[in-house]
Amino acid sequence: MKKILLSLLMIIGYNAYSQNALGKSDDAARITLAAYVPQQIYKMPDPARSILANKLNQIVTQNGMGGAANNERFIITANVNVISKDLTATAPPMTALVLEVTLYIGDGFVGTKFSSTSISVKGVGESETKAYISALKGISPTNSNIQSFVGNGKSKIIEYYNSKCDFIIKEAQTLVSQNNFEEAIFKLTSVPEVCKECYDKCMDAVGPIYQKQIDRECKSKLMEANTAWNAAQDSYGADIAGGILAQIDPNASCYKEALALSNKIAQRIKEIDQRDWKLQLKEQQDNVDIQKATIKAIRDIGVAYGNGQPKTVTYNVRGWW
């Protein structure tokens, strides 16, 4: 069973390799950025801060890099400087601003800047805040400088994964030695498919970890089911134990023991209640279904772990401007 599982995971890596021959827009969709507006932008009005955040998200979405999860490592952020501020010779007078907006892409965890570009925008409004908002609305996600900036940032992120890949795998293996299987799977499955060199290595590494995860979970569920059944060997206890056994992955090493317990429970219920007790354990399907189920199960573990992380992250952008 383990050989089947591992061979299927090798197919996952092969499929990913083939998919990496797709066009640039497809590749970009596999890297995500979190939009981050730091508090230290000097004297920036709060309503303008919201507009800037929207613009950063538009840039990310326009370039197919949206969908950032919680605790996202790579960010797009900005700093804004007021180049000039004047009052117009109109009645009533209006505030006219020229802003220099510098955009950055980088590793928000360790504070490494990957890419940057600056654009100038102008805005006029009845107040400084409205002028600020007017200017920031002038940021165009399709601006050629911004497109080039995002492309450069993407390339640097790919370089990061491919150069740090052995370290990422080593970190995952350390987590496994600490029985942190979910976090290890999350770390390995977080590598985007476009980083094909590292992605393939991580897919090779995640198979054995996933097997250890489901084996551990199987033993835990089996013990829990045995405890429930021993506490009440009747229809009530059978339903409780059955609900636990139904969660066991059919690729787990103790699946046969789970099946044996299920049969034991069914036999006992037949004796005391004179009725059939059937439990629909997870069953193995053909190879295609196993492959699909395995891919989904592995990704679900990574996603669940990521979703359980803090939603608010303090990013390190010291020295970026």
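Reference entry: report on the structure contained in this document. (Residues numbered from 1 in each chain as written. Predicted model: local features only at pLDDT ≥ 70, side-chain atom pairs only at ≥ 80, totals over all residues. Heavy atoms only, no water.)

On to the overall build of the chain, then. What the chain contains, in helices and strands, is 10 helices and 4 strands. Of the regular secondary structure in the chain, the N- to C-terminal order runs α-α-β-α-β-β-β-α-α-α-α-α-α-α. A buried classification covers 45% of the 321 residues belonging to the chain. Accessible area for the chain stands at about 16,800 Å²; split by element, carbon and sulfur atoms hold 51% of it. (Helix = DSSP H or I, 4+ residues; strand = E, 2+ residues; numbered from the N terminus. Buried < 20%, exposed > 50% of the residue type's maximum accessible area, 1.4 Å probe, protein only. Areas by Shrake-Rupley, 256 points an atom, 1.4 Å probe, with all protein chains shown as cover.)

Among the 13 residues of strand S3 (residues 95–107), 12 are classified as buried, and the element is accordingly described as predominantly covered. Across 13 bridges, the pairing between strand S2 (residues 74–87) and S3 is antiparallel. Counterpart to Asp86 in the pairing with S3 is Ala96. When S3 meets strand S4 (residues 112–125), the two strands line up antiparallel, connected through 13 bridges. Directly across from Val98, in S4, lies its bridge partner Lys122. (Pairing = 2+ DSSP bridges.)

Within the structure shown, the criterion is met by 2 disulfides. The disulfide partner of Cys165 is Cys198, and the gap between their sulfur atoms is 2.3 Å. Classification of the bridge connecting Cys165 and Cys198 rests on its S-S torsion, roughly 90 degrees, and on that basis the disulfide is right-handed. With Cys165 in helix H5 (residues 144–177) and Cys198 in helix H7 (residues 196–231), this pair connects stretches of sequence that are 33 residues apart. Taking relative accessible area as the criterion, Cys165 reaches 1% and is therefore assigned buried. The partner cysteine of Cys218 in its disulfide is Cys254, sulfur to sulfur 1.7 Å. Disulfide Cys218-Cys254: the torsion about the S-S bond is -120 degrees, which places it as left-handed. Note that Cys218 is positioned in helix H7 and Cys254 in the loop between helix H8 (235–245) and helix H9 (255–273), a separation of 36 residues in sequence. By the burial criterion, Cys218 is buried, and Cys254 matches it. Ordinal numbering of bonded cysteines along the chain defines a disulfide pattern of 1-2, 3-4. (Disulfide = S-S within 2.5 Å.)

The next point concerns unusual backbone geometry. Cis geometry is adopted by the peptide bond preceding Pro92, which originates at Ala91 and carries an omega value of -5 degrees. Take Pro92: it is sitting in the loop between S2 and S3. Phi at Asn179 is positive, roughly 65 degrees, even though this residue is not glycine. Here Asn179 shows up in the loop between H5 and helix H6 (181–189).

A few words now on the packing of H5 against H7. In helix packing, the relevant descriptors are the interaxial angle and the interaxial distance, both defined with respect to the helix axes. Taken N-terminus to C-terminus, the directions of H5 and H7 make an angle of 10 degrees; their axes are 9 Å apart at the nearest point. With respect to their mutual orientation, H5 and H7 come out roughly parallel. For the pair formed by H5 and H7, the contact residues are Tyr161, Asn162, Cys165, Asp166, Ile168, Ile169 and Val176 on the first element and Glu197, Cys198, Lys201, Cys202, Ala205, Ile209 and Lys212 on the second. The residue inventory of the contact of H5 with H7, partitioned by class, reads 9 nonpolar, 1 polar and 4 charged. (Axes fitted to C-alpha atoms, helices over the stretch in contact; angles between N-to-C directions. Parallel < 35°, antiparallel > 145°, perpendicular 65-115°, else oblique. Contact = heavy atoms within 4.5 Å. Nonpolar A, V, L, I, M, F, W, Y, C, P; charged D, E, K, R; others polar.)

Our focus in this paragraph is H7. With 36 residues, H7 ought to run about 52 Å at 1.5 Å a step, and its terminal C-alpha atoms sit 51 Å apart, in line with that. The largest bend in H7 amounts to roughly 30 degrees and is located at Val206, with the proline Pro208 lying one to four residues further along. (Expected span 1.5 Å × (residues − 1). Bend = angle between axes of the 7 residues up to and from the residue.)

Over its 17 residues, helix H3 (residues 46–62) runs 24 Å from end to end, which matches the ideal 24 Å to within 8%, given 1.5 Å per residue. Its buried side turned inward, H3 meets strand S1 (34–36), S2, S3, helix H4 (128–136) and H5. Positive phi appears at Gly64, one or two residues downstream of H3, with a value of about 65 degrees.

Right, let's get into the packing of aromatic side chains. Overall, the coordinates contain 9 aromatic pairs when judged by the stated rule. Between Phe186 and Tyr305, the aromatic rings sit 5.2 Å apart at their centres with planes inclined by 45 degrees, giving tilted as the arrangement. One end of the pair, Phe186, is in helix H6; the other, Tyr305, is in helix H10 (residues 287–307), with 119 residues separating them in the sequence. A relative accessible area of 22% means that Phe186 is categorised as partly exposed. (Phe/Tyr/Trp six-rings, centres within 6.5 Å; stacked < 30°, edge-to-face > 60°.)

Our next topic: the side chain of Asn79. Take Asn79: it is sitting in strand S2. Since its relative accessible area comes to 8%, Asn79 is described here as buried.

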